[in-house]
Amino acid sequence: MPRKRIVRRTPAAVPAALAGLHPVLAQVCANRKVQSRDELEHALGGLLPCATLAGMEGAVRLLADALDRQWRILIVGDFDADGATSTTLAVRALRMLGAEQVDFLVPNRFEYGYGLTPEIVAVAAERQPDLIVTVDNGISSLDGVRAAHARGIRVLVTDHHLPGAELPEAEAIVNPNQPGDRFPAKSLAGVGVIFYVMLALRAHLRESGWFERQGIGEPNLAQLLDLVALGTVADVVPLEYNNRILVAQGIARIRAGHACPGIAALMEIAGRRPERLVTADLGFAIGPRLNAAGRMHDMSLGIRCLLADDLPTARRLAAELDVLNKERRGTEEVMREQAFDILKRMHLETSDLPYGLCLYDPDWHEGVIGILASRVKDRVHRPVIVFTDSSDGLVKGSARSIPGLHIRDALDAVAAHHPGLLVKFGGHAMAAGLTIGAENLGTFREAFDAEVRRALNAEDLEGIILSDGRLEPAGVDEELAQTLRFALPWGQGFPEPVFDDVFAVVSRRVVGERHLKLVLRHPDHPKPFDAIAFNAVDDAPNAGELHVAYRVDLNEFNGRRSVQLIVEHLAPAESSLPVAG
């Protein structure tokens, strides 16, 4: 497997505006190009205005007509956490704004696949909607929009995925990534897009006197920010400043005890305390339980949990989601072992793995191949697509990429060089989905590998752990852990601080089958550090001294708190020297 290197960032000059912060936090912020204290405040007033989103005026007009005429509105979502939170937010917001007939429909991935397809439009038509609003999908649904129009149904598309060469002929489209859009924050998640639409709609209704005419109070849409935070983090979109505001505000509401019952119940069953919630909890504890519904069964279950108005109902639905998540983990474990066995055979038979790696098994679970692609990508540090059988002679693939390769653009290039090879595809820079004919799998493997080789070189396939440098061991204490944990919403594109140093191994033991519990001692500090390396049993070197890349965290056990190092990478001390980057 490829060797990883710990690379230290070249320390950035700390702006005078960051004076007064904990010095470690100030340096970390400077390393992430934070220039002022304003960027740490995350006030709602700092959000970019709605008006620069292309198509917003038409979308608001359409929705205002729908409210005025009390049209039947059907929200059509996606079957992941972003889609579930987007759907929930749209339903809740429209009801708060005075809509009386709002319902939702989310395609079952195993029956209908992704997006507003003609088949899902036929199902939607049974409910006789006057307007379909897509959330987190629709930008590639050319045939679906045509099918809706053929049935006399209007369509509003809200999405954030990259569009193809042609846009659907919807009544309105709001997508920061559509051609001509001037909205600067292109990384909005689907839930962020529909939140912006609802903000603009509320402003229009306020100006038109709608609330007075209806005799209802103007709703506080900020109470929906817990959904925005969850969907944004779970979809792993880059946390540029605008997204950090949305996430920070949502987390603040959750910490203050104002989460919706569904999120509160999911936190309970995941063993997370609201007042100590951080972005990692949304991404690794709450999001996976919500996603389990779409992966293993039907995302309607997850949406019903988020729509629940009381805690007992939400707890019952969260318990069902937890069962599905345990089933997902068991399925994933089996698939991962099978995939790693394939990798071992490939590595023995060839001098090098393909640059763009495709793995296939006809029996792999379609709802779990995305997670498997991510696990394999993390292990081999190269773009990975995992395929499994679908229906009618087709195979479905889920792709994950690494920095330097925009995976959706790579698939677009393959499609351009090999017309007809891809039945359909779509996605983001780091994740995508595709469908091809089973007989074309071999051709696609070669074409994908060739495209990746055009974009990446051998150095790009070497895993890099970016470190913010060495910490003085005496300063690694509870105050620092608390400061780093709660100061900012860390995540994709705005990574949580990682540090590195050489430690002596005092003891090690396996916990939870795959995790490594360590006691580490630094030569310049008398007290040893507790550390844990997740999923590291297979790869951890058995050496007396280790070069460790780590995050500083707090461990809470039996009411006591202590510093714990969360290990990102372990290497023998003599073989892994940091390089300024």
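I will try to describe carefully the structure that is included in this document. All values derive from a computational prediction rather than experimental measurement. (Residues numbered from 1 in each chain as written. Predicted model: local features only at pLDDT ≥ 70, side-chain atom pairs only at ≥ 80, totals over all residues. Heavy atoms only, no water.)

1. Points about unusual backbone geometry
This is how it is decided: Counting from the N terminus, the helices are DSSP H or I runs at least four residues long and the strands are E runs at least two residues long. Categorising residues by exposure relies on relative accessible area from a 1.4 Å probe, with only protein chains included: less than 20% of the type maximum marks a residue as buried, more than 50% marks it as exposed, and the intermediate range marks it as partly exposed.
The phi angle at Q70 is positive, at roughly 50°, despite the residue not being glycine. By the secondary structure assignment, Q70 is in the loop between α3 (56–68) and β2 (73–76). Positive phi is not limited to glycine here, since Q128 has a value of about 55°. Position of Q128 among the secondary structure elements: in the loop between α5 (118–125) and β4 (131–135). Taking the relative accessible area as the measure of exposure, Q128 reaches 55% and is therefore exposed.

2. With respect to the side chain of D468
Stated formally: Here a polar contact is recorded for every N or O atom pair within 3.5 Å, except that within protein the pair must consist of a potential hydrogen donor and a potential acceptor, and residues adjacent in sequence are included only if both atoms are side-chain atoms. For this analysis, residues touch if any pair of their heavy atoms sits within 4.5 Å.
Mapped onto the elements of the fold, D468 is located in the loop between β12 (463–467) and α18 (478–486). One polar contact links D468 to N31, side chain to side chain, over a distance of 2.9 Å. Polar side-chain contacts of D468 include one of 2.8 Å to the side chain of R32. Contacts of D468, omitting those with residues within four sequence positions, involve R9, V28, N31, R32, P497, V498 and F499.

3. Re the packing of helix α4 (residues 81–96) against helix α13 (residues 300–307)
Put simply, the rule is: Fitted lines through C-alpha atoms serve as axes, helices being fitted only where they are in contact, and the angles separating the N-to-C directions of these axes extend from 0 to 180 degrees. To sort the angles, those under 35 degrees are grouped as roughly parallel, those over 145 as roughly antiparallel, those from 65 to 115 as roughly perpendicular, and the leftovers as oblique. Each crossing is labelled by how the near helix is turned from the far one, with a counterclockwise turn of less than a right angle marking it left-handed and a clockwise turn marking it right-handed. In the scheme used here, Gly and all other residues not listed as nonpolar or charged are polar, with Ala, Val, Leu, Ile, Met, Phe, Trp, Tyr, Cys and Pro taken as nonpolar and Asp, Glu, Lys and Arg as charged.
At a minimum axis distance of 9 Å, the contact between α4 and α13 shows a crossing angle of 45°. With respect to α13, the element α4 is oriented oblique. Our pair here, α4 against α13, has a crossing hand that is right-handed. Taking contact as the criterion, the partners of A84, T85, T87, T88, V91 and R92 in α4 are, on α13, I303, L306 and L307. Considering only residue class, the contact of α4 with α13 consists of five nonpolar, three polar and one charged.

4. Re α13
With respect to burial, α13 is a largely interior element, six of its eight residues being buried. Within the sequence span of α13, burial applies to L301, G302, I303, C305, L306 and L307.

5. Here we look at the pattern of salt bridges
Going by this rule: Any carboxyl oxygen of Asp or Glu within 4 Å of a side-chain nitrogen of Lys or Arg constitutes a salt bridge here.
Taken as a whole, this structure holds 38 salt bridges when the rule is applied. A salt bridge links R316 to E320, with the shortest nitrogen-to-oxygen separation between them at 3.5 Å. Of this pair, R316 and E320 both sit in helix α14 (residues 311–349), four residues apart, which is roughly one turn of the helix. You can call E320 partly exposed: its relative accessible area is 35%.

6. So, the environment of A222
With respect to the helices and strands, the residue A222 is situated in the loop between α8 (210–214) and α9 (225–234). The buried category is assigned to A222, whose relative accessible area is 18%. Separated by 91 residues in the primary sequence, A222 and L131 have C-alpha atoms spaced 25 Å apart. In this structure, A222 is in contact with L44 and R253, ignoring residues within four places of it in sequence.

7. As for the packing of aromatic side chains
Any two aromatic rings considered together are summarised by their centre-to-centre distance and by the angle between their planes. Using the following cut-off: Only Phe, Tyr and Trp rings take part, Trp by its six-membered ring, and two of them pair if their centres are within 6.5 Å. Stacked means planes under 30 degrees apart, edge-to-face means over 60, and tilted covers everything else. In this analysis the charged atom, NZ for Lys or CZ for Arg, is taken to sit over a ring once it is within 6 Å of the ring centre and within 35 degrees of the ring normal.
Under the counting rule described, the total for this entry stands at eight aromatic pairs. Their ring planes at 75° and their centres at 5.2 Å tell us that F183 and Y196 sit as a pair that is edge-to-face. Residue F183 is located in the loop between β6 (172–174) and α7 (190–207), and its partner Y196 is located in helix α7; the two are separated by 13 residues in the primary sequence. For the pair formed by F183 and Y196, the shared burial category is buried. Judged by centre distance (5.5 Å) and plane angle (15°), the ring pair of W490 and F494 falls under stacked. Feature note: the residues F499, F503, F529 and Y550 constitute an aromatic cluster, connected by ring pairs. Here the basic side chain of R154 rests over the ring of W71, its NZ or CZ set 4.0 Å away from the ring centre. In this arrangement the basic side chain of R244 is found over the ring face of F494, its NZ or CZ atom lying 3.9 Å from the centre.

8. Some thoughts on the nonpolar core
We count it as follows: In these notes, a set of buried Ala, Val, Leu, Ile, Met, Phe, Trp, Tyr and Cys residues joined through side-chain atoms within 4.5 Å is what counts as a nonpolar core.
The biggest cluster of nonpolar side chains holds 148 residues, and the ones touching the most others in it are I75, L89, M198, L201 and V376. Here the element with the most residues in this core is α7; it accounts for eleven residues. Non-local contacts of M198, meaning those with residues more than four positions away in its chain, are made with L63, L89, A93, L94, L97 and L221. Grouped together as the second largest cluster of nonpolar side chains are 24 residues, I407, V414, A432 and A447 included.

9. Here we look at the sheet that holds strand β11 (residues 431–437)
As a reminder, the rule being used: One bridge is not enough; two strands pair if DSSP finds at least two bridges between them.
Spatially, five strands are ordered β7-β8-β9-β11-β10 in an open sheet, and the strand pairing comes out mixed. The sheet terminates laterally at β7 (357–360) and β10 (422–427), the two strands that pair on one side only. Going across the sheet, the axis of each strand differs from the next one's by a mean of 20°, ignoring polarity. Direction of pairing for strand β8 (residues 384–389) relative to strand β9 (residues 394–400): antiparallel, over a ladder of six bridges.

10. Re the state of the cysteines
What makes a disulfide is a covalent bond joining the sulfur atoms belonging to two cysteines. Our working rule: Defined by distance alone, a disulfide is two cysteine sulfur atoms within 2.5 Å.
Applying the stated criterion across every chain yields a total of zero disulfides. In this model C260 remains outside any disulfide bridge; the closest cysteine sulfur is found in C305, 7.7 Å from its own. By relative accessible area, which is 10% here, C260 ends up buried.

11. Here we look at the pairing of strand β5 (residues 154–158)
Burial within β5 is extensive, with four of its five residues counted as buried. The sheet contact formed by β5 and β6 spans three bridges and is parallel. Residue pairing in the sheet places L156 in a bridge with A172 of β6.

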